[in-house]
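# A look at the structure
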Amino acid sequence: MKLALTLLAAAAGWLAAANASAATDAVTLTGASTPLQTAQYGVRNYSAPVLTDGKHSPANYMAAPALPVWRFAQADPTGGVLTFERQPAPSNGWHSWSRKGAVLVTGGGAARADRVYTVYNGQQLVAAINQAGNEPKIIRVVGHIDLRWSQNNTVFREYTSYRDQKFGGSISLPSNTTLVGINDAQGRPARMTGTSILIGGELALTATGDEQADFKKWIADGKDGDDYPTWTRNVIVRNIAFDTPWDVNPEDSANAYADGITLSRAQNIYISHLSISDGDTPDSLAGSTNKTRHDGALDVVRGSDYVTIASNVFNKHAKTTLVGNGDAGRAWSDEGRMHVTFSGNWYDGASTRLPLNRYGQVHMFNNLIAGSTSTKDSDVKFEGGTDARYRSNMLLENHYYNFTGLKVTEVCGKAIKGKDFIGFRSSGHIFTSDKSGTSAIDGQCGYAPPTGNNVWTPPYTYTLQTAAATLTSVPANAGAGKLP
């Protein structure tokens, strides 16, 4: 038996190495569209609040009621010496694949010396992106970035309106980018506050065109959708603490606009070792009216594909992650796409959408989900976990659920639920709580397993730990500051 396991492990290692060597470098797959959208972002307009498409009433404007203690930096603690910045993403998730075979996500790993940037403020970050465009680039974040600060972090001004925040408070990452945080001398991670990160966007083929019409015509003409020129591809984001932005002028009392990180028409994206939360401005600070001031923490929407979200920490946030943001109205972009892997993540006080999945062929393994349904703290109270929705197809393996207030008989319908999906498989989990002790559960929740073409196997090699091992390995490895 030991010999068989040894041979199997050796074969798996050989296969992984072979796949990596045969993989297409994602830098060769990118088009020339993304720089078209960068210039409008990261530039403040200080406009007054106005009603926009019947939303964002000026009466709903509210500046962030609390501000962080910023740790701005003026010097690089590493002296500019690169360690992990040029490393490609590991080949253990959907990011490492495409319809044409294996892909090596390199981000900005091939950056020339003059395309390696160390930035200390938001304006430097925007300038680096605009200078490099789609060229391979490494952007190293040192200290604390907040786009509300200007003039080398000496002048602070709150966002003045929805439009000021939408454009002036967002940074758009082009293709072939590695964005990494550099730990300070005390090992504290780089941090971003009051800033949305955009990876991709729905773009037409021309400045005056219509993206949906252009894409549908592209397909009708028999062309490969993956060759559509406006994809943003080959992006790595690592080792940063993100405070999801406080929406100063949300759509209405129940819907904010600003996300923490949004992937939109993005492919071959690897996101790891982030810590994402509402930081110093949870929704509770808004009071009983106009209470929703945050949207998604990290959303994968609008046709995005081949994405891995690994070894991150999500806490103190309500609407954590969408995979697909609409039902039948998004079939033209999302059907057959949304391949996403979630592995080694720690959800601790994240309230809902872990994730909510439409259309996605989603693989989740070895995640730690912790929460409380009995806490009186509305900012961290658990409301719902994995939610398999319209046309989704999910595979869940070996999670550890660590709860207070929730009984094992309540897992189905609360921590795991779904409707209108085309496939759902779940196995190998452990559930523990103050109400029910510790139990091995499969989490299938009575759902019939898929059959025929709806049964799929991940095409990439990955190492599956036991659920018990997840309880200790995930906290040891997940989140910002865990990389050099």
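Predicted model only: the values in this text are computed from it and were never measured. Within every chain, residues take consecutive numbers counted from 1 along the sequence as written. Selection of residues for local features in this predicted model requires a pLDDT of at least 70, selection of side-chain atom pairs for listing and counting requires 80 or more, and totals for whole chains, interfaces and linings are taken over all residues. Each side-chain value is derived from all of the structure's non-hydrogen atoms; neither hydrogens nor water enter the calculation.

### Comments concerning the pattern of salt bridges
Any Lys or Arg side-chain nitrogen found within 4 Å of a carboxyl oxygen on Asp or Glu counts as a salt bridge. This model, assessed by the stated rule, comprises 26 salt bridges. A salt bridge links Lys 100 to Asp 227; the nearest nitrogen and oxygen atoms lie 2.9 Å apart. Within this pair, whereas Lys 100 is found in the loop between strand S2 (97–98) and strand S3 (101–104), its partner Asp 227 is found in the loop between helix H5 (211–220) and strand S13 (232–238), the two being separated by 127 residues in sequence. We classify Lys 100 as exposed; its relative accessible area is 58%. Each residue is placed in one exposure class: buried if its accessible area under a 1.4 Å probe, protein chains only, is under 20% of its type's maximum, exposed if it is over 50%, and partly exposed if it falls in between. Here Asp 227 falls in the partly exposed class, since its relative accessible area comes to 40%. With its nearest N and O atoms 2.8 Å apart, the salt bridge here joins Asp 146 to Arg 148. Of the residues examined, Asp 146 reaches a relative accessible area of 0% and is grouped as buried. The class of Arg 148 is buried, set by a relative accessible area of 6%. Beyond isolated ion pairs, a larger network of salt bridges with shared partners links Arg 99, Asp 226, Asp 305 and Arg 337. Elements are defined by DSSP. Helices are runs of H or I of four residues or more, strands are runs of E of two residues or more, and each kind is numbered from the N terminus.

### Notes on the state of the cysteines
For this text, the term disulfide refers to a pair of cysteine sulfurs within 2.5 Å. Taken as a whole and judged by the stated rule, the model has one disulfide. Residue pairing for Cys 412: its cysteine sulfur links by disulfide to Cys 445, the two sulfurs lying 2.1 Å apart. Handedness of the Cys 412-Cys 445 disulfide follows from its S-S torsion of about -85 degrees: it is left-handed. Note that Cys 412 is positioned in the loop between strand S31 (400–404) and strand S32 (416–418) and Cys 445 in the loop between strand S35 (437–441) and helix H7 (467–477), a separation of 33 residues in sequence. Classification of Cys 412 by relative accessible area gives partly exposed; the value is 41%.

### Concerning the environment of Gly 413
The residue Gly 413 is located in the loop between S31 and S32 in this model. Considering only alpha carbons, one finds Gly 413 and Asp 387, 26 residues apart in sequence, at a separation of 9.0 Å.

### Concerning the nonpolar core
Put simply, buried Ala, Val, Leu, Ile, Met, Phe, Trp, Tyr and Cys residues joined by side-chain atoms within 4.5 Å make one nonpolar core. Residues Ile 199 and Leu 263 are the most contacted members of the largest nonpolar core, which totals 64 residues. Of all the elements, helix H3 (residues 122–132) adds the most residues to this core, at five residues. Here, residues are in contact when the closest pair of their heavy atoms is within 4.5 Å. Discounting chain neighbours no more than four positions away, the residues touching Ile 199 are Leu 173, Thr 232, Val 235, Val 237, Ile 261, Thr 262, Leu 263, Ser 264, Ala 266 and Ile 269.

### Some words on H7
Turn by turn, an α-helix covers 3.6 residues, leaving residues three or four places apart pointing in a common direction. Taken residue by residue, H7 has Ala 467, Thr 470, Ser 473 and Val 474 as its buried positions. Seen end-on, H7 carries its buried residues on one side only, within an arc spanning 105 degrees. In H7, the exposed positions that point more than 90 degrees away from the buried face belong to Thr 472 and Ala 476. Those residues of H7 hidden inside the fold are in contact with strand S24 (346–348), strand S28 (368–372), S31 and strand S34 (429–433). The first or second residue beyond H7 is Gly 479, which carries a positive phi of 100 degrees. The directions from the helix axis to the C-beta atoms form the arc being described.

### Thoughts on the environment of Pro 450
With respect to the helices and strands, the residue Pro 450 is situated in the loop between S35 and H7. Overall, the relative accessible area of 13% leaves Pro 450 in the buried class. Once the C-alpha coordinates of Pro 450 and Ser 150 are considered, the two residues, 300 residues apart in sequence, prove to be 53 Å apart. Residues contacting Pro 450, with those up to four places away along its chain left out, are Ile 422, Gly 423, Phe 424, Arg 425 and Val 455.

### Describing the packing of aromatic side chains
Side-chain rings of Phe, Tyr and Trp (the six-membered ring for Trp) are treated as a pair once their centres are within 6.5 Å; stacked means planes under 30 degrees apart, edge-to-face means over 60, and tilted covers the remaining angles. Applying the stated criterion across every chain, the model contains 22 aromatic pairs. Considering the side-chain rings of Phe 365 and Tyr 462, the 4.8 Å spacing of their centres and the 40 degrees angle between planes classify their relative orientation as tilted. On the criterion of sequence distance, the pair formed by Phe 365 in strand S27 (residues 361–365) and Tyr 462 in the loop between S35 and H7 is long-range, its members being 97 residues apart. By relative accessible area, Phe 365 is classed as buried at 6%.

### A short note on the environment of Gly 260
Structurally, Gly 260 can be placed in the loop between strand S14 (240–243) and strand S15 (261–264). Spatially, the C-alpha atom of Gly 260 lies 9.0 Å from that of Asp 278, the residues being 18 residues apart in sequence. Apart from the residues lying within four places of it in its own chain, the contact partners of Gly 260 are Thr 195, Ser 196, Ile 197, Thr 244, Pro 245, Gly 296 and Ala 297.

### Observations regarding the pairing of S27
Of all five residues making up S27, five are buried, and the element is well covered by its neighbours. Neither face of S27 is left uncovered, since the one carrying Gln 361, His 363 and Phe 365 and the one carrying Val 362 and Met 364 both have all their residues buried. Here a strand pair is declared whenever DSSP counts at least two bridges between the two strands. Here strand S23 (residues 339–343) runs beside S27; their pairing, made up of five bridges, is parallel. In the sheet register, Phe 342 faces S27, and the bridge partner there is Met 364. Note that S27 and strand S30 (residues 393–397) share five bridges and pair parallel. Within S30, the residue paired with Val 362 across the bridge is Met 394.

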